[in-house]
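Fold and contact review
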Amino acid sequence: MSFSKENAKAKRVWFDDLNMWILFEDGRQLSIPKFYFESLKNASMEELNNYELLGGGLGIHWEELDEDLYVPNLLISVPSQEIA
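Since the model is a prediction, treat every value here as computed from it, not as a measurement. Counting restarts for each chain, with residues numbered from 1 along the sequence as it is written. Local features in this predicted model are restricted to residues whose pLDDT is 70 or higher, and side-chain atom pairs enter the listing and the counts only when it is 80 or higher, whereas totals over whole chains, interfaces and linings include all residues. Only hydrogens and water are set aside; all other atoms, that is, all heavy atoms of the structure, feed into the side-chain values.

1. Remarks on the confidence of the model for the protein chain
We apply this condition: pLDDT runs from 0 to 100 and stands for how confident the predictor is about each residue. Any two residues having at least one pair of non-hydrogen atoms within 4.5 Å are treated as being in contact.
Chain-level statistics for the protein chain give a pLDDT mean of 87 and a share of 82% at 70 or above. Here residues 80-84 scores under 50 on pLDDT; set against residues more than four positions off or in separate chains, the count is 17 contacts.

Structure follows, in structure tokens:
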């Protein structure tokens, strides 16, 4: 499988005390500090784990937190509200 920003798709998301972790469909993992995202940094684990993957894994959506992340932009550290 070829891996690029354009075909980056999340398979799973999880959190530890400091980071959001993303498992990509090709097996790679990425961690990003939660403090990069205002709505995620003070959320409870229950709120953080209540997400859904959109667009086949191109987007991550937290209804309760009113947060949407476009997964390919996370690879270049540009958080975005776009969902494909």
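2. Some thoughts on the environment of E52
Stated formally: Secondary structure follows DSSP: runs of H or I at least 4 residues long count as helices, runs of E at least 2 residues long count as strands, and numbering of each begins at the N terminus. Only protein chains enter the calculation, and the probe is 1.4 Å; a residue is then buried if its accessible area is under 20% of its type maximum, exposed if over 50%, and partly exposed in between.
Residue placement: E52 occurs in strand β4 (residues 52-54). Given a relative accessible area of 40%, E52 falls into the partly exposed group. It is 9.2 Å that separates the C-alpha atoms of E52 and V13, two residues lying 39 residues apart in sequence. Beyond its immediate chain neighbours, meaning those up to four positions away, E52 contacts G59, I60 and H61.

3. Things to note about the pairing of strand β3 (residues 29-33)
The criterion, for reference: The pairing criterion for strands is at least two bridges between them, as found by DSSP.
Of the two faces of β3, the one lined by L30 and I32 is fully buried and the one lined by Q29, S31 and P33 carries no buried residue. Relative to β3, strand β2 (residues 19-24) is paired through five bridges, and the arrangement is antiparallel. Each bridged residue has a counterpart across the sheet, and for L23 the counterpart in β3 is Q29.

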